[in-house]
Amino acid sequence: MKESMRFCLATAAVVMAVSLSQGYAASNESDASTPQQVFDSMRGSFKPDKAKGVHARYQWELSGPNGGEWWIDVNDGTYKMGKGKIDNPSVTFITSDNDWVAMSNGKLKGTWAYMTGRLKVRGSQAVARKLDEIFP
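Each chain has its residues counted from 1, following the order in which its sequence is written. The predicted origin of the model limits local features to residues at a pLDDT of at least 70 and limits the giving and counting of side-chain atom pairs to 80 or more, whereas totals for whole chains, interfaces and linings rest on all residues. Computation of side-chain values covers all heavy atoms of the structure but excludes hydrogens and water.

1. Brief notes about the pattern of salt bridges
The following threshold applies: For this document, the term salt bridge refers to a Lys or Arg side-chain nitrogen within 4 Å of an Asp or Glu carboxyl oxygen. Comment: elements are numbered from the N terminus, with helices defined as DSSP H or I runs of at least four residues and strands as E runs of at least two. The buried label applies to any residue whose accessible area, calculated with a 1.4 Å probe on protein chains only, is under 20% of its type's maximum; exposed applies above 50%, and partly exposed to all values in between.
Tallying each qualifying case throughout the model produces six salt bridges. Here D73 makes a salt bridge to R57, at a shortest N to O gap of 3.6 Å. Of the two residues, D73 sits in strand β2 (residues 68-75) while R57 sits in strand β1 (residues 55-63), which places them 16 residues apart along the sequence. Owing to a relative accessible area of 18%, D73 belongs among the buried residues under this scheme. In this structure R57 comes out as partly exposed when scored by relative accessible area, which is 28%.

Laid out in structure tokens, this is it:
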């Protein structure tokens, strides 16, 4: 029972980190309509002080007509972002292009997407949670 509870708490922590995406595009005057617009809006929210000492690689695998692969490499207060694959990601988020945009615009809860299988998260839960602090 304790292991089951730990799993639930750990899963909830990851889901909370994924829910962070709601604020990315919502801070713009209009909602993002493509994954690329979501990632472009993230550039303006980067907090270098929160990324000090962090070495993490994030990968997104998005299906659908506007899907593709995007990555962010956070390295001790700096970051690089791009399209494509990154070697040895710390965390990988897998979902559809429409669901990622909907989560980013606050129209789909990350928790619901995760619990219903529309969002999959692979990798370190601690690193996934850190993303919310780095890109609020």
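2. Side note on the environment of S41
Rule in force here: N or O atoms within 3.5 Å of each other form a polar contact, as long as, within protein, one can give a hydrogen and the other can take it, and as long as residues adjacent in sequence are counted only when both atoms are side-chain atoms.
Along the chain, S41 turns up in helix α3 (residues 35-43). A sequence separation of 63 residues divides S41 from S104, and the C-alpha atoms of the two residues are 10.0 Å apart. From its side chain, S41 meets the backbone oxygen of V38 in a polar contact 2.7 Å long.

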